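# A closer look at the structure
Here is how the chains run, residue by residue.
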Amino acid sequence: MADFPSKVTTETSSPNSQSSQQGGNSLRGLTANVTTMMDMSFIRSIPAILMIAEIFLGLLHWALIARTQPYTGAPAYGWVMFVAVTLWILTTILFFMILFSVQRKLTSVPWPLTVMAYNGIATVLYLTAFLTNAASVHPYRFQYFYGHMAAAAFFGAAVTLAYGASAFFSYLDWKGDGGNAATSTVPT
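Residues numbered from 1 in each chain as written. Predicted model: local features only at pLDDT ≥ 70, side-chain atom pairs only at ≥ 80, totals over all residues. Heavy atoms only, no water.

### Observations concerning the UniProt feature "transmembrane region" (unreviewed entry) in the protein
The criterion, for reference: UniProt positions are given in the numbering used here, feature names are shortened, and annotations may be inferred rather than shown by experiment. Per the convention used, a helix needs a DSSP run of H or I reaching at least four residues, while a strand needs a run of E reaching at least two, with both numbered from the N terminus.
In this structure's numbering, the residues bearing the UniProt feature "transmembrane region" (unreviewed entry) are residues 46-64, 76-99, 111-132 and 144-165. Between the end C-alpha atoms of residues 46-64 the distance is 27 Å, and the span holds 100% helix and 0% strand. Taken end to end, residues 111-132 comprises 100% helix and 0% strand; its first and last C-alpha atoms sit 31 Å apart.

### Topic: the packing of helix 5 (residues 46-67) against helix 7 (residues 75-99)
The criterion, for reference: The axes used here are C-alpha line fits, helices contributing only the stretch in contact, and every angle between their N-to-C directions lies in the interval 0 to 180 degrees. Roughly parallel means an angle under 35 degrees; roughly antiparallel means over 145; roughly perpendicular covers 65 to 115; every other angle is labelled oblique. By the definition used in this description, the sense in which the near helix is turned from the far one sets the handedness, with an anticlockwise turn below a right angle giving left-handed and a clockwise turn giving right-handed. For this analysis, residues touch if any pair of their heavy atoms sits within 4.5 Å. By the convention adopted, Pro, Cys, Tyr, Trp, Phe, Met, Ile, Leu, Val and Ala count as nonpolar, Lys, Arg, Asp and Glu as charged, and the other residues, Gly among them, as polar.
Packing of helix 5 against helix 7 leaves a shortest axis separation of 9 Å and a crossing angle of 150 degrees. Judged by the inter-axis angle, helix 5 sits roughly antiparallel to helix 7. You can see that helix 5 and helix 7 cross each other, and the crossing is left-handed. Packed against helix 5, whose contacting residues are A48, M51, I52, E54, I55, G58, L59, H61, W62, I65 and A66, the element helix 7 presents Y77, V80, M81, A84, V85, W88, T91, T92, L94, F95 and I98 at the interface. Residues of the contact of helix 5 with helix 7, tallied by class, amount to 17 nonpolar, four polar and one charged.

Take a look at the structure:
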C-alpha cells in the first residue's frame, strides 16, 4: 500500500494535447484532420475526374457566354446561362459533398440513385442549352463575338458529353448495388 501514491497520476490531459493547445503542432493537427475527412479514393475515381472536367468546362462555357454582348440581347442565351451557371454551382457543391464524405452523415438519402438522377437531368438540360447555343451562333457570324459564341457552343457540347458519361457511370453504380439506400449510401 505504500507504493500506491506513486502509481497514480493526476494529469487531466495527455502531453500531446498540451503542446497542440499551446500552438506547437496545431497546424499539423489541423491538416491531419482535414485530410482524414477527405475521401482520397474518390479523387482518383472516374466519377471525380468527370466532375472536375464538368466544373472546369462548365466554367469556361458560361464565362465565354457572359463575356459576349449578344448574351444580354438574345433571350436564348438567358436559358443557356441559367443552365450553365446553375449546374456549375450544383456540381461544385456535389463534388465537395462527396469529397468530404457528407453523404455518410445523410444516410436517409439514396445517394447512388440521387447522383444518377442529377447527372441524367443535368445531361438533358445541358443538351437543350447546347442546342440553343449552337442554333443561336449563326446570326453573329460577322460580328466580333462570333468566336466566343462558337467556342461556348463547343464547350457546351463537351460538358454535355461529360454529364452523359457521368450519368452512365452513375447508372452502373446504382445498378451495381441495386439502388437500395440501406445497402450502401456512398457513391463510388
